[in-house]
Amino acid sequence: MSLKEKHGTPIGSYAPDFELLGTDKDVHHLSRYLERWRGVVVIFLSNNCPDSAAYVDRLKQLQTRFREQGFILIGINSNDANQSPEDSFSQMQQFASSRGLNFPYLWDPTQDVAQGFGASKTPEAFVIDGQGVLRYRGQIDDNSQHPEAVNEAYVKNAIAALLAGETISPKSTPTLGSPLVWRR
């Protein structure tokens, strides 16, 4: 087990369920997604993280590509809005609208979900299979700022492996990006 997996949900364990408000003003539950989808990709994002912003178009492309195959992507913002006003719920709604997000964007104001997963940075990806088991965690791909220079598309490859019934490799990667803004 890597140092990263010592905190939060280890790979091969059940992902923590959640009940979070989305920018669409609906309440979203991981368990309900798992009833309908073959898998879920949870991405911890921030409205003002440069790496999160750089990934928005790629995340929308992932959602479009894999939705028909039974996967859904879910963005979660866990930053403390008191310390990071850009991450308030109203700012999340503006972000989702202005960026044309085609996936749910959820608010984790208590930070319980981030702690349960063991998220530490934005963006940070967690690929969950249809039984609710965490299969991959870490980077979305190996080049946040230059999509044309990506050599390893970790999340895309993890989803493809799950759909093909193959083993995911690597199962985790070190996360790069902005640290989550934790409540004091």
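Before reading further, recall that the structure is shown in the block above.
Residues numbered from 1 in each chain as written. Predicted model: local features only at pLDDT ≥ 70, side-chain atom pairs only at ≥ 80, totals over all residues. Heavy atoms only, no water.

**Some words on helix α5 (residues 154-164)**
Phase 1 of the analysis: If you check which residues of α5 are buried, you get Tyr154, Val155, Ala158, Ile159, Ala161 and Leu163.
Phase 2 of the analysis: Those residues of α5 that are buried lie in contact with β3 (39-45), α2 (50-67), β4 (71-77), β7 (124-129) and β8 (134-138).
Phase 3 of the analysis: Taken from the residues just after α5, glycine 165 is the one with a positive phi, measuring 75 degrees. (Buried < 20%, exposed > 50% of the residue type's maximum accessible area, 1.4 Å probe, protein only. Helix = DSSP H or I, 4+ residues; strand = E, 2+ residues; numbered from the N terminus. Contact = heavy atoms within 4.5 Å.)

**Considering the pairing of β3**
Where a strand is regular, its side chains alternate between the two sheet faces.
Phase 1 of the analysis: Counted residue by residue, β3 has 7 buried out of 7 residues, so it is predominantly covered.
Phase 2 of the analysis: Of the two faces of β3, the one carrying Gly39, Val41, Ile43 and Leu45 and the one carrying Val40, Val42 and Phe44 are both buried.
Phase 3 of the analysis: Looking at chain direction, β3 and β4 are connected through 7 bridges and run parallel. Bridge assignment links valine 41 to a residue of β4, and that residue is leucine 73. (Pairing = 2+ DSSP bridges.)

**A short note on the pattern of salt bridges**
Phase 1 of the analysis: Enumeration according to the criterion identifies 3 salt bridges in this entry.
Phase 2 of the analysis: Between arginine 58 and aspartate 141 there is a salt bridge, with the nearest N and O atoms lying 2.9 Å from each other. Remark: aspartate 141 occurs in the loop between β8 and α5 and arginine 58 occurs in helix α2; sequence separation between them is 83 residues. In terms of burial, arginine 58 and aspartate 141 fall into one category: buried.
Phase 3 of the analysis: Between arginine 135 and aspartate 129 there is a salt bridge, with the nearest N and O atoms lying 2.8 Å from each other. (Salt bridge = Lys/Arg side-chain N within 4 Å of Asp/Glu carboxyl O.)

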